[in-house]
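The chain contents come next:
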Amino acid sequence: MNFTEGKWLLNEINAPIGIEDKLTKLAIKDFSKFTNGNLDYSVTTKKLLMQKINKSNLNTAELKKIKIGTNYDYFININAQTLKNEINNINIRNHKYQTEGSKEISIVLEVYDLNNLVVLYSQEVKGFVKLPQNSNDVTLSYSINNLVLGGYKKIIRDITKKSIKK
């Protein structure tokens, strides 16, 4: 991706409630740095999107509507979701009939070229923690929030390697 040209719009981030604000601040900070401040956030800009876009893989018609409604060159869309949350951050297993559990998240970051109506970049990271069955120990696990942040940071490292910045 070439961050040295065009106007960039970051969509309202769709993420689990406990991490949405922190992920938004990180994304604004990271992409502002990449674009040398040539980034707007859809929630605070005066160019309004008609509805919150909370899905991935936008089609050509949807991209055309975004281009007409906002007049930006590039659109960044981030969606994070909890797939499973069967365990706590601290687990006390005290009997042999305890079943295994897991936490799973998915985070997708996509960058669209609104002038050519194509996807420039798309990356999905899935994170998980799994506890063994019949464990009698006290077990600590990552929270959903930490899994989401870890996935986001992995995507940002990939973007840093593959992009041209100002």
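Higher on the page you've got the structure.
Residues numbered from 1 in each chain as written. Predicted model: local features only at pLDDT ≥ 70, side-chain atom pairs only at ≥ 80, totals over all residues. Heavy atoms only, no water.

A. Region of the structure containing unusual backbone geometry. In this structure, Asn-36 is a non-glycine residue whose phi angle is positive, near 55°. Residue placement: Asn-36 occurs in the loop between α1 (20-34) and β2 (39-41). Located in the positive-phi region is Asn-71, a residue other than glycine, with phi close to 60°. Inspection of the secondary structure assignment puts Asn-71 in the loop between α2 (60-70) and β3 (74-85). For Asn-71, a relative accessible area of 42% translates into the label partly exposed. (Helix = DSSP H or I, 4+ residues; strand = E, 2+ residues; numbered from the N terminus. Buried < 20%, exposed > 50% of the residue type's maximum accessible area, 1.4 Å probe, protein only.)

B. Spotlight on the nonpolar core. Counting 32 residues, the largest nonpolar core has Leu-23, Phe-31, Ile-78, Ile-107, Leu-109 and Ile-159 as the members making the most contacts within it. When residues of this core are traced back to their parent elements, those giving at least two are β1 (8-10), α1, β2, β3, β5 (101-113), β6 (118-131) and α3 (144-162). For this core, the leading source of residues is α3, giving eight residues. Filtering out sequence-adjacent residues up to four positions away, Leu-23 remains in contact with Ile-13, Ala-15, Ile-78, Ala-80, Ile-107, Val-148, Leu-149 and Tyr-152. In terms of nonpolar packing, the next biggest core, distinct from the first, is built from nine residues, Ile-53, Leu-58, Ile-66 and Leu-114 among them. (Core = buried A, V, L, I, M, F, W, Y, C linked by side-chain atoms within 4.5 Å. Contact = heavy atoms within 4.5 Å.)

C. Examining the sheet that holds β1 more closely. The strand order across the open sheet built from five strands is β2-β1-β3-β5-β6, with neighbouring strands paired in mixed fashion. Each end of this open sheet is capped by a strand with a single partner; those strands are β2 and β6. Strand-to-strand, the axes of this sheet are offset by a mean angle of 20°, without reference to chain direction. Its contacts with the sheet put α1 on β1, β2, β3 and β5, and the angle it makes with β2 is roughly 160°. Across the sheet, α3 touches β3, β5 and β6, and the angle it forms with β5 is around 35°. (Pairing = 2+ DSSP bridges. Axes fitted to C-alpha atoms, helices over the stretch in contact; angles between N-to-C directions.)

D. Structural detail: the packing of aromatic side chains. Taken as a whole, this structure holds six aromatic pairs when the rule is applied. An angle of 35° between the planes, with centres 6.4 Å apart, marks the rings of Phe-75 and Tyr-112 as tilted. Residue Phe-75 is found in strand β3, and its partner Tyr-112 is found in strand β5; the two are separated by 37 residues along the sequence. The buried category is assigned to Phe-75, whose relative accessible area is 0%. Owing to a relative accessible area of 0%, Tyr-112 belongs among the buried residues under this scheme. An aromatic cluster is built from Phe-3, Trp-8, Phe-31, Phe-34 and Tyr-74, whose rings are joined through pairwise contacts. The ring of Tyr-72 carries the charged tip of Lys-7 above its face, separated from the ring centre by 5.2 Å. (Phe/Tyr/Trp six-rings, centres within 6.5 Å; stacked < 30°, edge-to-face > 60°. Lys NZ or Arg CZ within 6 Å of the ring centre and 35° of its normal.)

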